[in-house]
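As a plain string of letters, each chain reads:
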Amino acid sequence: MSRDFLAVTDFTDQELIQTLHFAIDLKKLTKAGECPRPFEGKSFGLIFHKPSLRTRMSFEVGINQLGGKALFITDAEIQLGVREAISDVARVLSRYLAGIVIRTYHQKHVEELAQWADIPVVNALTDLLHPCQIMGDLMTIMEYRGSVEGAAVSYLGDGNNVANSFLNAASLIPLKLTIACSESTMPNADILHRAQEAGVSEIRITHDPFDGVEGAEFVYGDVWASMGQKDKASEKAALLKNFQINDKLLKHAKSNVKVMHCLPAERGKEITDEVMDGPHSIVFDQAENRLHVQKAILMKIME
Ligand code: CP
Ligand code: NVA
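Q: How do you make sense of the pattern of salt bridges when you look at a structure like this?
A: Where charged atoms from two side chains of opposite charge come close, those side chains can pair. Counted according to the given criterion, the structure contains 15 salt bridges. The salt bridge involving aspartate 211 is made with arginine 204; its shortest N-O contact spans 3.1 Å. Overall, aspartate 211 belongs to the partly exposed group, its relative accessible area being 29%. Residue classification places arginine 204 among the partly exposed positions, given a relative accessible area of 32%. Through salt bridges with shared partners, one network takes in Lys230, Glu266 and Lys269.

As structure tokens, this is what we get:
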């Protein structure tokens, strides 16, 4: 049976930490021109139903660096579940490819694809989850802090796929995770409940942005309206305007706070230019680390 990475919780706590260490090693090896090439002769399908800069590029570059070939296809061609059944797509692709990376809307479509595929499937973002993002972010936290255990992370804004994946991570490894959001933009209730029930992390929900960043080592932002929800942009902006990451807000966090954002950012909305381009920002390290962590994830599940 093939191994998938559809959610952070597809790894055990130990596998998660090992993968982060391995990603840091791979980053050093790659920079030294010594990246291993275990995927020589293997092809990977990249199925993207939403736009992407980082995820597509980092998977393509990463697969190439590992010796493999990445083939990109959009839903205009596949029409998943419309032109043909997801189960048929999965079985056909399993005859050509060594693995599938998919970005789409519904988590259940990714799960169905994985259920029918004989090859590993990686979730490159759904409406519900963005596990590769959080792995890269945890790697970045590990690099800056030495370890991830006990890191005080405050996520501000929409309770979206990124927030949900942070909660999943907090159900495995001990974090001090605060989600500061409006009452109408809470993260997924089941995922929040499971993370709280796991009893691994200190998880706090607040609707006050200043309280939200109190004591934070890492303050994290994302767009207020995710892909597929841009019609709700003004409604979300009205709900979340007080959660903007700006210099005034950061005064309430630790003085050496690091500011994170998965990107793309809507500058002037959820984060100001001053903060994005300021001394606390580590957003481009996060973007870079997507490359290395995804290589580590692929190598782990292809073992
Ligand atoms: N952070 C992220 O996943 O970026 P893209 O949407 O550009 O891939
Ligand atoms: N929450 C955002 C993340 C983009 C990388 C979205 O889904 O659009």
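Q: Whenever I open this one, the nonpolar core confuses me. Can you help?
A: Residues Leu16, Leu20, Phe59 and Leu138 are the most contacted members of the largest nonpolar core, which totals 62 residues. Counting residues per element, this core draws most heavily on helix H6 (residues 131-145), at seven residues. Excluding its chain neighbours within four sequence positions, the residues that come into contact with leucine 16 are Val8, Phe11, Met135, Leu138, Leu172 and Ile173.

Q: Got a minute to help me understand the site of ligand 2 in this structure?
A: Close contacts around ligand 2 come from Leu125, His130, Asn160, Asn161, Asp222, Val223, Ser226, Met227 and Leu263, and that covers them all. Taking asparagine 160, its side chain carries an N or O atom lying 3.3 Å from a nitrogen atom of ligand 2. Serine 226 is positioned with one of its side-chain polar atoms (N or O) 2.7 Å from a nitrogen atom of ligand 2. Coverage of ligand 2 by the protein amounts to 95% of the 270 Å² it exposes when considered alone. The cavity that encloses ligand 2 is the largest pocket.

Q: Looking at this structure, how should I read unusual backbone geometry?
A: Across residues other than glycine, the phi torsion is negative in most instances, and most of the peptide bonds are trans. Here the residue pair leucine 263 and proline 264 is connected by a cis peptide bond, since its omega of 5° sits within 30 degrees of zero. Examined against the element boundaries, proline 264 turns out to sit in the loop between strand E9 (258-261) and helix H12 (273-276). In this structure, glutamine 79 takes a positive phi of about 50° despite not being glycine. Relative to the elements of secondary structure, glutamine 79 occurs in the loop between helix H3 (75-78) and helix H4 (86-96). Of note in this structure, leucine 125 is not a glycine but carries a positive phi near 125°. Structurally, the position occupied by leucine 125 is in the loop between strand E4 (121-123) and H6. The class of leucine 125 is buried, set by a relative accessible area of 5%.

The rules behind each value
- Residues numbered from 1 in each chain as written.
- Chains lettered and ligands numbered in written order.
- Predicted model: local features only at pLDDT ≥ 70, side-chain atom pairs only at ≥ 80, totals over all residues.
- Heavy atoms only, no water.
- Salt bridge = Lys/Arg side-chain N within 4 Å of Asp/Glu carboxyl O.
- Buried < 20%, exposed > 50% of the residue type's maximum accessible area, 1.4 Å probe, protein only.
- Core = buried A, V, L, I, M, F, W, Y, C linked by side-chain atoms within 4.5 Å.
- Helix = DSSP H or I, 4+ residues; strand = E, 2+ residues; numbered from the N terminus.
- Contact = heavy atoms within 4.5 Å.
- Near = heavy atom within 4 Å.
- Polar contact = N/O pair within 3.5 Å; in protein donor to acceptor, adjacent residues only side chain to side chain.
- Areas by Shrake-Rupley, 256 points an atom, 1.4 Å probe, with all protein chains shown as cover.
- 1 Å grid on protein atoms, 1.4 Å probe; cavity = no way out; pocket = protein on both sides within 12 Å on 5 of 7 lines; lining within 4 Å.
- Sits in = over half its atoms within 2 Å of the grid points.

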